[in-house]
Number of protein chains: 2
Amino acid sequence: MSIDAPETTRVPVALGDRSYDILIGSGLIASAGATLAARFPGRAVAIVTDATVGDLHAPALEAGLTAAGLRHHRITVPAGEATKRFAMLEEVVDQVLAHRLERGDLVLALGGGVVGDLAGFAAAIVRRGMGFVQMPTSLLAQVDSSVGGKTGINSRHGKNLVGAFYQPGLVLADTDVLDTLSTREFRAGYAEVAKYGLIDDPGFFSWLEANWRGVFQGGKDRVHAIATSCRAKAAVVARDETETGDRALLNLGHTFGHALEAATRYDGTRLVHGEAVAIGMCQAFRFSAKLGLCSSDAAERMTAHLKTVGLPTELAHVPGGVGDVDGLMAAIGQDKKVARGKLTFILARGIGESFIAKDVDPAAVRAFLAEDLARG
Amino acid sequence: MSIDAPETTRVPVALGDRSYDILIGSGLIASAGATLAARFPGRAVAIVTDATVGDLHAPALEAGLTAAGLRHHRITVPAGEATKRFAMLEEVVDQVLAHRLERGDLVLALGGGVVGDLAGFAAAIVRRGMGFVQMPTSLLAQVDSSVGGKTGINSRHGKNLVGAFYQPGLVLADTDVLDTLSTREFRAGYAEVAKYGLIDDPGFFSWLEANWRGVFQGGKDRVHAIATSCRAKAAVVARDETETGDRALLNLGHTFGHALEAATRYDGTRLVHGEAVAIGMCQAFRFSAKLGLCSSDAAERMTAHLKTVGLPTELAHVPGGVGDVDGLMAAIGQDKKVARGKLTFILARGIGESFIAKDVDPAAVRAFLAEDLARG
């Protein structure tokens, strides 16, 4: 590990012959050329990035790749969720092939969740599977989407309905780049950090309540929060790679959240993914409280923390509204976490006590949504 | 197995928890509803087919599914290789989602290799992987493309450059439907049957030389040839599912063949896949002979047999020609069986003695192609 900077934290993801490392730390973009040359000697690299991130961070990455003697090409896609569609997938696939990359070469995602999901899916399907490296540049991507191998695009029928489980060979999470994020974007990623506490780690949630300012500010609290999140996700993924069981816990807040994203047509000016998850988690706890599964205190406590850091927690916080119950129910019904006509939700018995509820009555969801919309 | 007709031959494909059966026999389309209801109870079925095959065979299949109480929808794509493209993939994916099929439901490919490759790829990526059943209706699909889990579409850079390894849960090969094929189409599939003899089964090749008329005619010789082919392919796939080694042997004739298909722009009126493979296998043997690896006698013997059944064996047999050496070399260079700049070919030391040659000098290929084009 001598090639990695000394302050780098390593989180292994144990998946048999598809195991890989997440390296978290400072300066990893600039040192990526040397890291990749050591771990994947002689591979050509297709860097998939968006215009915003590419301008900021690609030059340092490319300089390192050139210095390490790795052939590289940059493929730039538009920033934003709308990029996760078939036309852009075809465009990326086509450019990777046009650069004559082979099966052993690398597709490298340099960007947030959109770039990682799209580039990972392209890596999964070009030549039926190429090498793949994630370099997540948003907090959300570093703690969530870059880890665990879910890749894909959206469909007009819903978010992430098309894709592949495809593991990267390495994740490099450079914590310096998070300083270039807007506060709104950082907050959105923080919703996923808080999620790991809410799922099964009440101690981590309490730590966040006490130390969230440090996470936003940077330094060791931030690294601790990211590494804890990655370890939590890696453990779940190692237990259940393809989401036939436990992994569904990671969807806490996501069934409601995806419906909100659909209701706002994936318009990031109104609602970004992490914000939708923040509201969705609050809804999951409110729904759990309404069903008598957890206390109102628990729902109020987690809502208060998310509100304190500046995240939206209510449907009424979404600019332009989220439509009516019928629209939300239709979006929930098409969500891929449906199993044979029943609705599956991640509900909670308390903070850090989430569980998979597979037989949720659609009528109960409908009644809850009507009430939740009426909170105003 | 009481639900399967008594004359059905079963060929198991051993792939651990993704193992499945190939059932080969008469009347399997009409009995498919009962078979599927027994093996996959309660699943909804999206039948992907083309207009030609759908008109001929979908009604019998649908009647059986209805009788067995399985919800089903038909998705019809245009017949022909041009259907293996992104736009049609998106169309199939979209229709599967529009019919609200879930992760455990089935995509069923009813058709030849094009339908199987496209539908299988759609099954692989909708909700990151749905159930998948192959009902191959061409000889080529029954002995080759429906077995082994290769799915995908073409790119403007080459054939099958985009796709997934995705295993079906069941293959139903109804041998009756082959009577609806044209002689040309049956012959094209026969090229892949002969391939199994040429790879590693000289006894089977001799049997084909003696019994090919029976295979074309139908009855027990045909079933024997199909079952032998499926067993051969299943054995290779079980050894090497994702083509990191041995499986490449199945590409005998395919590197040259794909270049010919590219040169004729996948125009099936000029050259269909099996014909390209027939010529490609003859080229592989001629190239092997030129390199001193096998005798000219072996090349002449296998060429003579393919010619006897009516298959093309020479570049000059392709209507409109195949262009020049530069065009063919460019197509070969983009073929996905390239590894780090070297060319990989399946060559032969004799009939039934094929092997993977990984370090073939492009200059040697170029010289061979110039000579082969000059045969006139």
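Cut-offs and rules
Residues numbered from 1 in each chain as written. Chains lettered and ligands numbered in written order. Predicted model: local features only at pLDDT ≥ 70, side-chain atom pairs only at ≥ 80, totals over all residues. Heavy atoms only, no water. UniProt positions renumbered as here; feature names shortened; annotations may be inferred. Helix = DSSP H or I, 4+ residues; strand = E, 2+ residues; numbered from the N terminus. Rg over C-alpha atoms; globule rule 2.2 N^0.38 Å. Contact = heavy atoms within 4.5 Å. Areas by Shrake-Rupley, 256 points an atom, 1.4 Å probe, with all protein chains shown as cover. Lys, Arg positive; Asp, Glu negative; His and termini not counted. Charge placed at Lys NZ, Arg CZ, Asp CG, Glu CD. Buried area = accessible area lost by both parts, 1.4 Å probe. Salt bridge = Lys/Arg side-chain N within 4 Å of Asp/Glu carboxyl O. Phe/Tyr/Trp six-rings, centres within 6.5 Å; stacked < 30°, edge-to-face > 60°. Lys NZ or Arg CZ within 6 Å of the ring centre and 35° of its normal. Expected span 1.5 Å × (residues − 1). Buried < 20%, exposed > 50% of the residue type's maximum accessible area, 1.4 Å probe, protein only. Arc of directions from axis to C-beta. Domains from an automatic or database assignment. Polar contact = N/O pair within 3.5 Å; in protein donor to acceptor, adjacent residues only side chain to side chain. Nonpolar A, V, L, I, M, F, W, Y, C, P; charged D, E, K, R; others polar. Pairing = 2+ DSSP bridges. Axes fitted to C-alpha atoms, helices over the stretch in contact; angles between N-to-C directions. Least-squares fit on C-alpha atoms with pLDDT ≥ 70 in both.

In the nomenclature of an unreviewed UniProt entry, chain A corresponds to 3-dehydroquinate synthase from the organism Phreatobacter oligotrophus. Listed under Pathway (unreviewed entry) in UniProt, the entry text for chain A is "Metabolic intermediate biosynthesis; chorismate biosynthesis; chorismate from D-erythrose 4-phosphate and phosphoenolpyruvate: step 2/7." In its Subcellular location (unreviewed entry) section, UniProt records this for chain A: "Cytoplasm".

*Asks:* Talk me through the overall build of chain A; I want residue IDs and the actual numbers.
*Replies:* Assigned secondary structure in chain A consists of 13 helices and 11 strands. Relative to the globule expectation of 21 Å for 376 residues, the C-alpha radius of gyration of chain A, 20 Å, shows essentially globular dimensions. Overall, the C-alpha framework of chain A stretches about 60 × 40 × 40 Å when taken along its three principal axes. Restricting the contact set of chain A to residue pairs at least 6 apart, pairs at least 24 apart contribute 74%. Split by element, the accessible area of chain A, about 13,000 Å² in all, is 52% carbon and sulfur. When the 39 positive and 42 negative side-chain charges of chain A are each reduced to one mean point, those points stand 3 Å apart.

*Asks:* Go over the interface of chain B and chain A, please, and point to the residues and values.
*Replies:* Facing 43 residues of chain B, the contacting portion of chain A comprises 43 residues. Counting the surface lost from both chain B and chain A, the interface buries some 3,500 Å², and carbon and sulfur atoms represent 46% of this. Put simply, chain B and chain A have 2 salt bridges between them. Between Arg-156 of chain A and Asp-94 of chain B there is a salt bridge; the shortest N-O distance is 2.7 Å.

*Asks:* Talk me through the packing of aromatic side chains; I want residue IDs and the actual numbers.
*Replies:* Any pair of aromatic rings gets described here by the distance separating the centres and the angle formed by the planes. All names here are of chain A. On inspection of all chains with the given rule, the structure shows 18 aromatic pairs over all chains. An aromatic cluster is defined as three or more aromatic residues linked by ring pairs; in this entry it consists of Phe-186, Tyr-190, Trp-212 and Phe-216. Above the plane of the ring of Tyr-196 lies Lys-195, whose end atom (NZ or CZ) is 5.4 Å from the centre.

*Asks:* Hey, could you go over helix α13 (residues 362-374) of chain B for me, with residue numbers and the actual values?
*Replies:* Residues and elements named next belong to chain B. Between its first and last C-alpha, α13 extends 18 Å over 13 residues, near the 18 Å set by a 1.5 Å rise per residue. By the burial criterion, the buried members of α13 are Val-365, Phe-368, Leu-369 and Asp-372. For α13, the angular spread of the buried residues around the axis is 100 degrees, confining them to a single face.

*Asks:* Quick one: what's the story with the pattern of salt bridges, residue by residue and with numbers?
*Replies:* For the structure on display, the rule yields 46 salt bridges over all chains. The closest approach of N and O atoms between Glu-261 of chain A and Lys-159 of chain A, which form a salt bridge, is 3.7 Å. Of this pair, Glu-261 of chain A sits in helix α9 (residues 254-263) while Lys-159 of chain A sits in strand β8 (residues 158-165), placing them 102 residues apart in sequence. For Glu-261 of chain A, a relative accessible area of 3% gives the class buried. Judged by its relative accessible area of 8%, Lys-159 of chain A is buried. Where Asp-246 of chain B meets Arg-239 of chain B, a salt bridge forms, and the shortest distance between an N and an O atom there is 2.7 Å. Looking at Asp-246 of chain B, the relative accessible area reads 31%, which means it is partly exposed. Three or more residues are tied together by salt bridges with common partners; here these are Glu-81, Lys-84, Asp-117, Lys-159 and Glu-261 of chain A.

*Asks:* So what's going on with the domain arrangement of chain A? Which residues, and what values?
*Replies:* Residues and elements named next belong to chain A. Segmentation of chain A into domains returns domain 1 (9-180) and domain 2 (191-374). Taking only C-alpha atoms into account, the centre of domain 1 sits 26 Å from that of domain 2. Each partner contributes to the interface: domain 1 provides 30 residues, whereas domain 2 provides 27 residues. When domain 1 packs against domain 2, the two sides together hide about 2,500 Å² of surface, and 64% of this comes from carbon and sulfur. Across the contact surface, domain 1 and domain 2 share 4 salt bridges. Notably, a salt bridge pairs Lys-233 with Asp-144, separated by 2.7 Å at the nearest N-O pair. Scanning the region where domain 1 abuts domain 2 turns up 9 residue pairs in polar contact (both at pLDDT 80 or more). Of all elements in the fold, only β1 (9-13), β2 (20-25), α5 (139-145) and β8 reach the threshold of two or more residues within the side of domain 1 that touches domain 2. For the side of domain 1 that touches domain 2, a count of residues per class yields 14 nonpolar, 10 polar and 6 charged.

*Asks:* A description of the UniProt feature "binding site: NAD(+)" (unreviewed entry) in chain A should follow, citing residues and the corresponding values.
*Replies:* In the numbering used here, UniProt assigns the "binding site: NAD(+)" (unreviewed entry) feature to Gly-113, Val-114, Val-115, Gly-116, Asp-117, Thr-137, Ser-138, Lys-150 and Lys-159 of chain A. Note on placement: Lys-150 of chain A falls in strand β7 (residues 150-155). Excluding anything up to four places from it in sequence, Lys-150 of chain A contacts Asp-117, Ser-145, Ala-164, Phe-165, Glu-243, Arg-247 and Asn-251 of chain A together with Arg-128 of chain B.

*Asks:* Tell me about the environment of Gly-280 of chain B, and name the residues and values.
*Replies:* Residues and elements named next belong to chain B. Tracing the sequence through the fold places Gly-280 in helix α10 (residues 273-290). Put simply, Gly-280 and His-72 are 208 residues apart on the chain and 40 Å apart in space, counted from C-alpha to C-alpha. When residues no more than four places from it in sequence are discounted, the contact partners of Gly-280 are Gly-253, Phe-256 and Gly-257.

*Asks:* Would you mind going over the sheet that holds strand β3 (residues 45-50) of chain B in detail, with residue names and values included?
*Replies:* Residue and element names in this part refer to chain B. Read from one edge of the open sheet, 7 strands run β1-β2-β9-β6-β5-β3-β4, paired in mixed fashion. One side of each edge strand has no neighbouring strand; the edge strands of this open sheet are β1 (9-13) and β4 (72-77). Looking at each pair of strands side by side, their axes are set apart by 20 degrees on average, direction ignored. Pairing of strand β2 (residues 20-25) with strand β9 (residues 170-174) involves 5 bridges; the strand directions are parallel. Counted as the bridge partner of Ile-22 is Val-171 from β9. Each of β3, β4, β5 (106-111) and β6 (131-136) is contacted by helix α2 (residues 51-67), which is oriented at about 160 degrees to β3, the strand it contacts most. Along the sheet face, helix α3 (residues 86-98) touches β3, β4 and β5 and points at about 165 degrees away from the line of β4.

*Asks:* Give a description of the relation of the copies chain B and chain A that names residues and reports values.
*Replies:* Under the fitted operation, chain B is carried onto chain A by 0.0 Å of movement along the axis and a turn of 180 degrees, and the coordinates agree to an RMSD of 0.0 Å. Within this description, the copies of the chain are treated as partners about a two-fold rotation axis. When C-alpha positions in chain B are compared against the rotation axis, the closest is assigned to Phe-86 of chain B, at 3.8 Å. By residue overlap, the copies meet face to face through one surface: 100% of the interface positions of chain B are interface positions in chain A.

*Asks:* A description of the environment of Ala-367 of chain A should follow, citing residues and the corresponding values.
*Replies:* All names here are of chain A. Locating Ala-367 in the fold gives a position in helix α13 (residues 362-374). Overall, the relative accessible area of 38% leaves Ala-367 in the partly exposed class. When the C-alpha atoms of Ala-367 and Phe-287 are compared, they prove to be 9.8 Å apart, with 80 residues separating the residues in sequence.

*Asks:* I'd like a rundown of the pairing of strand β10 (residues 343-348) of chain A, residues and numbers included.
*Replies:* All names here are of chain A. By the criterion of burial, β10 is predominantly enclosed, with 6 of the 6 residues buried. Alternating residues of β10 divide into Leu-343, Phe-345 and Leu-347 and Thr-344, Ile-346 and Ala-348, and every residue in both groups is buried. Sheet topology note: the β10/strand β11 (residues 354-360) ladder contains 5 bridges and is antiparallel. Within β11, the position partnered with Leu-343 by the bridge is Val-360. Connecting the antiparallel pair β10 and β11 is a turn made up of 5 residues, with Gly-352 showing a positive phi of about 80 degrees.

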